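Descriptive analysis of the structure
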Amino acid sequence: MNIFVFLGAPGSGKGTQAKRLSETKKYHHFSTGDMLRAAIRADAPLGKKAQGYIKKGELVPDDIMIGLIEDALSCLDNSSQVILDGFPRTVPQAEALDKKVSTTVNSAIFFDIPHSELIERLSGRRTCSQCGESYHIDFSPPKKPNLCDKCDGDLIHRPDDKVDVVKKRLEVFTKQNDGLLKYYGNRRNLNTINANKPIETVESELKQYLQ
Ligand code: AMP
């Protein structure tokens with residue numbers, strides 16, 4: 001199984017790019033944030049375990065996240081191409097992924113962007129409460145106010161996209177990310193993209209690393 005890991009701060013655009021690529025049907029896209037939010041909406045046991053951490057902008061414990069990804073990958077056949085968006089977030093998660101039989105992390109792609117840019121991106125981000133599609137009130141607004149272009153679901157400002165939680169999420173990200181960059185750097189499969197560019201420019205650079 002060929003795995004592409006997307007690393008980057010919340011709001012760096014990795015989810016947007018992963019969704020665009022998965023629309024080509026070439027890749028299976030797993031966003032751990034979306035999976036957890038779906039579990040919360042469904043009032044599932046996983047959602048109950050995760051919601052306190054998410055609300056505070058903290059990471060959900062590694063054992064829960066590793067189990068979630070192992071289950072998701074076990075449903076795929078060995079020829080699959082997979083994009084992991086938001087996993088791994090810690091070195092133990094990266095190690096667990098590498099230990100999984102018949103998976104190879106082809107490339108870890110780091111979406112690099114100044115943190116000053118992220119506060120603006122996240123405070124203007126609106127997310128579909130049904131399908132998870134993202135919009136920005138100024139840079140990529142929906143066609144109809146507050147409604148998703150794809151499924152007509154209501155758009156919400158995620159509680160963890162509000163400024164105080166965003167600051168905590170960025171702090172948590174900064175603490176974990178250096179370790180991950182070192183981990184993949186040592187394995188020589190780290191690529192860095194300047195994510196502070198228009199969506200289409202980032203997408204065409206990204207495609208070089210997905211061969
Ligand atoms: P995201 O939508 O990727 O920004 O994730 C939203 C929240 O879900 C994060 O702030 C964490 O609380 C939790 N989360 C998502 N992925 C992970 C992960 N791999 N490890 C730990 N917590 C995660």
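Since we're looking at a predicted model, the values are computed, not measured. Sequence order as written defines residue numbering, which begins from 1 separately in each chain. In keeping with the predicted nature of the model, local features appear solely for residues at pLDDT of at least 70, side-chain atom pairs appear and are counted solely at 80 or more, and the whole-chain, interface and lining totals rest on all residues. Values shown for side chains rest on all heavy atoms present in the structure; no hydrogens or waters enter the calculation.

**Examining the state of the cysteines**
- Note on terminology: disulfide denotes any pair of cysteine sulfur atoms within 2.5 Å. Using the criterion set out here, one finds zero disulfides in the structure.
- Of the cysteine sulfurs around Cys-151, a residue in no disulfide, the closest is that of Cys-128, at 3.5 Å.
- Residue exposure (1.4 Å probe, protein chains only): buried if accessible area is under 20% of the type maximum, exposed if over 50%, otherwise partly exposed. Owing to a relative accessible area of 31%, Cys-151 belongs among the partly exposed residues under this scheme.

**Digging into the pattern of salt bridges**
- Should a side-chain nitrogen of Lys or Arg be within 4 Å of a carboxyl oxygen of Asp or Glu, the pair is scored as a salt bridge. For the structure shown, the criterion picks out 16 salt bridges.
- Note that Arg-187 is salt-bridged to Asp-98, the shortest N-O span being 3.6 Å. Residue Arg-187 is found in the loop between helix H7 (163-186) and strand E8 (190-194), and its partner Asp-98 is found in helix H5 (residues 91-99); the two are separated by 89 residues along the sequence.
- For Arg-187, a relative accessible area of 43% corresponds to the partly exposed category.
- A residue is classified by how much of its surface remains accessible, and Asp-98, at 31% relative accessible area, is partly exposed.
- One salt-bridge network, held together by shared partners, links Arg-125, Arg-158, Asp-160, Asp-161 and Arg-169. Working definition: helices are DSSP H or I runs of at least four residues, strands are E runs of at least two. Numbering for both runs from the N terminus.

**A word on the environment of Lys-144**
- Structurally, Lys-144 is set in the loop between strand E6 (134-136) and strand E7 (155-156).
- By the criterion applied in these results, polar contacts are pairs of N or O atoms within 3.5 Å in which, for protein atoms, one can donate a hydrogen and the other can accept it, and in which residues neighboring in sequence qualify only through two side-chain atoms. At 3.1 Å, the side chain of Lys-144 and the side chain of Asp-152 are in polar contact.

**Focus on the packing of helix H2 (residues 32-41) against helix H3 (residues 45-56)**
- Put simply, H2 and H3 touch, their axes get as near as 8 Å, and they point 115° apart. In this structure, H2 crosses over H3, and the sense of that crossing is left-handed. Each of Leu-36, Ala-39 and Ile-40 in H2 lies in contact with H3, whose residues at this interface are Leu-46, Gly-47, Ala-50, Gln-51 and Ile-54.
- Charged residues are taken to be Asp, Glu, Lys and Arg, nonpolar residues to be Ala, Val, Leu, Ile, Met, Phe, Trp, Tyr, Cys and Pro, and polar residues to be all remaining types, Gly included. Looking at the contact of H2 with H3, its residues break down into six nonpolar, two polar and no charged. Whenever a helix is involved, its axis is fitted only over the stretch in contact; in every case the axis is a line through C-alpha atoms, and angles between N-to-C directions fall within 0 to 180 degrees. Should the near helix be turned counterclockwise from the far one by less than a right angle, the crossing is left-handed, whereas a clockwise turn marks it as right-handed. Note on contacts: a residue pair is in contact if any heavy atoms of the two residues lie within 4.5 Å.

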